[in-house]
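Below are the chains, spelled out letter by letter.
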Amino acid sequence: MPSAHDIIVFDFETGSRDPQKTQPTQIAAVAIHGRKLTVQPNGYFNSEIRPILDDDKAIEMGLDPVEDEALDITRKTRAELKKAPAPKQVWGKFSNFVNKYNWKKTPYFAPIPAGYNINGFDLIIADRMCQQYGPVDKKTGRQTLFNRIHRVDVMNLVWGWLESNPDVKRFSLDSLRDYFGMSKENAHDALQDIKDTANIMIRFMKMQRKFAGKVHFEKAFADGKLYI
Amino acid sequence: MENYIFDVNNIDYDDTPTWNLICEGRTKGVFQLESSLGKSWAKRVRPKNLEELAALTALLRPGCLKAIVDGKSMTQHYVDRKSGEEEVTYIHESLEPILERTQGVLVYQEQSMKIAQKIAGFDLQQADDLRKAIGKKKADLMGKIKREFIKGAENENVVSREAAEEIFSWIEKSSRYAFNKSHAVSYAICGYWSAYAKAHHTIEFYCHCLRHAKNKPDSQREVKELVSDAKTNDIFILPPSLEALNEETCIINDRIHFGLTDIKSVGVNQIQKLKEKLTLEEESLGKKIVDWDWYEFLVRLSDKISSATVIAMISVGVFSAKKVSRNKMLDEFDTWLKLTDKERLWIYDRHEEWQNLKESLVALRPTKKMGGGTFNHKRSEIVKDLIKQIRNPACSLEDTPDWVAGIERNYLGVPITYSTVDSCDTSSANTTCKDFIKGKGKDVALAVSISSVRPYTLKKGKNKGRDMAFLSVEDQTSPLEDVAIFADEWEEYRNLLYEGNTVVIYGGESKRGKYKSDRSLVIERVWQI
């Protein structure tokens, strides 16, 4: 049976590259129905986030300053970001948004986080935000916003299918956009990135479900033929 | 409903609507007949009087259903004989007066007692010993009674010794299933009362059933089934009433409202607290809560009770009459909680100056020195962010049917405002569950939510060993329990057929069984919606 959990595809735009220290400047997300793999009605979230724009103050707080190069990539200006709500307020609303899709309001039913390279980047930031603003489990200190068992890193998902394809040399989202024939317009805007990521994820998950229904895995190793 | 009196002493036991309800298997909530098994056999037995209803309650017991004689259960024998498909025969003609009312089937322990009296001349004490031996399945006692029975039969000379032995053996076998008639009749009367109540006092009936659903082993399933069943009678259950703040399920203006205690996360203490504060606030504001707008509730009452209670009440639609989406209310309540106690009090004291939360936050934002209500610049900046988020929310705050159904299912155990099908594209459907039940049967396409799936491995025929499945589905009009999908189709569509999914099922009715009630929907195609 397909997953009963909904999936939240999310993405941060940030002011630098180190996920442990970077300051998010935008967060966008889309809620996907776990079984139907369709966008939940009104299932989008998008907000800019006001970073600490004073470099000295940011460093003092253990954060990386917002880099001009990053602002160029994300096409944001310091003036625009200054008007955005503070991280705490945005994270509060984002938590409410994610929690909307935790139908039973228990950690087990928390939505599955998904995104592009979330294991190496976005989930690390999300965990930092949870540690700072909640929600976390008081006993274990672990975040309780997202499902703690399952996650869908779309980069890994695609790698599983295309790692032996000689035409795919890089697995950045931009490279895949080229390979899949997707437009790069608005690329590196978090909202566009999550839409593209969700589209790729849905295509591959549908394909997997279709194949999985036809393949019999039960007792697959019962004949004793092991590889190693 | 508190004044509602149902006088069982003046009830008509020949009431056609009541017997129709039982014969059509519309017996959810009816004592002894509310299970799928009860509904199904009620449709087959089609009882038309208390005698037959008592037999039905006895025949429904596992012993009768499992006692196979000549390849059929005793229950099936009774049904076939009643419908004229099987001849009514007696092991000996002298037993006819005792067994004729139950189609020649030995249903009750009391029938065994009468047989013993007639054939073996047992007195009442001996006959009662026989009943005890049957009921308690005491082998040593049965052996002793058998000897007395044969000896008595020889003395009475109503039947031959061989026939007496055969009759006793038959009685002995009935120990597996024979039921106490006094119990069966009591059950039948209680069952009839509840069926009568359902037929004539339908709203009150559902209200009571819902009240007592929480005492059932699987209360969530019970509530869900009752709400679905009520739909078939065009009764739609509403959220708790803001006016009554009713703790338990009750009827207000001929509509059933869930009680506040039916909402997960809402406790009696919180309701008491709410009622106490409400009285004071109503006096202070000079109007009843039903005339308040959402903003007034938010400012005057929402922080007087636990936030979990407020969230739960908003989620199930207690404030739906306020014409603000539930998501917007939840968002504003979240914003309200981000204010400090002093900031909330500042707004509370002046709230009549503004129309909504946004306006009050704009007034609050300046520091006290600047004529506002915030303590310092830092708080002022936080309030500024909150205003920005109200003006430009990061996500849509509209309610969608899917979300409302989901959140109601979480807090009430069942969606009441929308069916999960409501949020789907149902344009490819051409009928509803209710219409199918009423008789539309060919080339039907129904947009449904799947309630349960019961796979079944075929034990004979050309598809022996393959799986098929039986499903229960529902849409906004009614549940539909008799849905089947055969092996080929099951293999093709099984990945779509799981509990909770919404699909269109296309197919037609099947009347493969010999009874009119065996009508079911056989699925030929399925597609996701």
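From a predicted model like this one, the values you see are computed outputs, not experimental measurements.

A. Summary view of the overall build of chain B. Helix and strand counts for chain B come out as 23 helices and nine strands. For chain B, the C-alpha radius of gyration of 31 Å lies well beyond 24 Å, the compact-globule estimate for 529 residues. With respect to the three principal axes, the spread of C-alpha positions in chain B is 115 × 55 × 40 Å. For chain B, the proportion of its 529 residues judged to be buried stands at 51%. Taking the intrachain contacts of chain B between residues at least 6 apart in sequence as the baseline, contacts between residues at least 24 apart amount to 58%.

B. Looking closely at a negative patch on the surface. All names here are of chain A. Where like charges cluster on the molecular surface, the negative patch consists of Asp 54, Asp 55, Asp 56 and Glu 60. Counting through the fold element by element, Asp 54 comes out in the loop between strand E3 (39–48) and helix H1 (55–60). Looking at Asp 54, the relative accessible area reads 43%, which means it is partly exposed.

C. Quick look at helix H13 (residues 219–232) of chain B. Residues and elements named next belong to chain B. Spanning 14 residues, H13 covers 20 Å between terminal C-alpha atoms, matching the ideal 20 Å at 1.5 Å per step. Residues of H13 that are buried include every one of Glu 222, Val 223, Leu 226, Val 227, Ser 228, Asp 229, Ala 230 and Lys 231, and no others. Among the structural elements, helix H11 (181–200), helix H12 (202–213), helix H21 (401–412), helix H22 (433–438), strand E6 (467–474) and strand E7 (479–485) are those in contact with the buried residues of H13. Backbone geometry just downstream of H13 places Asp 234 in the positive-phi region, at approximately 60°.

D. Molecular detail of the interface of chain B and chain A. Listed by partner, the interface residues are 31 residues for chain B and 28 residues for chain A. Overall, the association of chain B and chain A removes approximately 2300 Å² of surface from exposure, summing both partners, and the carbon and sulfur fraction of that is 50%. Linking chain B with chain A are three salt bridges, by the criterion used here. Residue Lys93(A) is joined to Asp331(B) by a salt bridge in which the shortest nitrogen-to-oxygen separation is 3.0 Å. Counting the contacts that link chain B with chain A gives 13 residue pairs in polar contact (both at pLDDT 80 or more). Within the residue set of the side of chain B that touches chain A, elements represented by two or more residues are helix H17 (326–337), helix H20 (377–391) and H21 of chain B. The element that contributes the greatest number of residues to the side of chain B that touches chain A is H21(B), accounting for six residues.

E. Region of interest: empty space enclosed by the protein. A complete count under the given rule lists one cavity of 30 Å³ or more for this structure. Counted as a void, the largest cavity has a volume near 30 Å³. Of the residues in the lining of the largest cavity, the class split is four nonpolar, no polar and one charged.

F. Inspection of the packing of aromatic side chains at higher detail. Counting across every chain of the model gives 30 aromatic pairs over all chains. Ring plane angle 85° and centroid distance 5.2 Å describe the contact between Tyr108(A) and Phe109(A), whose orientation is recorded as edge-to-face. Exposure remark for Tyr108(A): the relative accessible area of 52% places this residue in the exposed category. Exposure remark for Phe109(A): the relative accessible area of 23% places this residue in the partly exposed category. The residue whose ring lies beneath Lys195(A) is Tyr44(A), and the NZ or CZ to ring-centre distance is 5.6 Å. It is Arg525(B) that lies over the ring of Tyr506(B); its NZ or CZ is 4.9 Å from the centre.

About the thresholds
Residues numbered from 1 in each chain as written. Chains lettered and ligands numbered in written order. Predicted model: local features only at pLDDT ≥ 70, side-chain atom pairs only at ≥ 80, totals over all residues. Heavy atoms only, no water. Helix = DSSP H or I, 4+ residues; strand = E, 2+ residues; numbered from the N terminus. Rg over C-alpha atoms; globule rule 2.2 N^0.38 Å. Buried < 20%, exposed > 50% of the residue type's maximum accessible area, 1.4 Å probe, protein only. Contact = heavy atoms within 4.5 Å. Patch = residues over 30% accessible without salt bridge, like charges linked within 9 Å, V, L, I, M, F, W, Y side chains within 5 Å. Areas by Shrake-Rupley, 256 points an atom, 1.4 Å probe, with all protein chains shown as cover. Salt bridge = Lys/Arg side-chain N within 4 Å of Asp/Glu carboxyl O. Lys, Arg positive; Asp, Glu negative; His and termini not counted. Charge placed at Lys NZ, Arg CZ, Asp CG, Glu CD. Expected span 1.5 Å × (residues − 1). Buried area = accessible area lost by both parts, 1.4 Å probe. Polar contact = N/O pair within 3.5 Å; in protein donor to acceptor, adjacent residues only side chain to side chain. 1 Å grid on protein atoms, 1.4 Å probe; cavity = no way out; pocket = protein on both sides within 12 Å on 5 of 7 lines; lining within 4 Å. Points joined across faces, edges and corners; volume = space filled by probe spheres on them. Nonpolar A, V, L, I, M, F, W, Y, C, P; charged D, E, K, R; others polar. Phe/Tyr/Trp six-rings, centres within 6.5 Å; stacked < 30°, edge-to-face > 60°. Lys NZ or Arg CZ within 6 Å of the ring centre and 35° of its normal.

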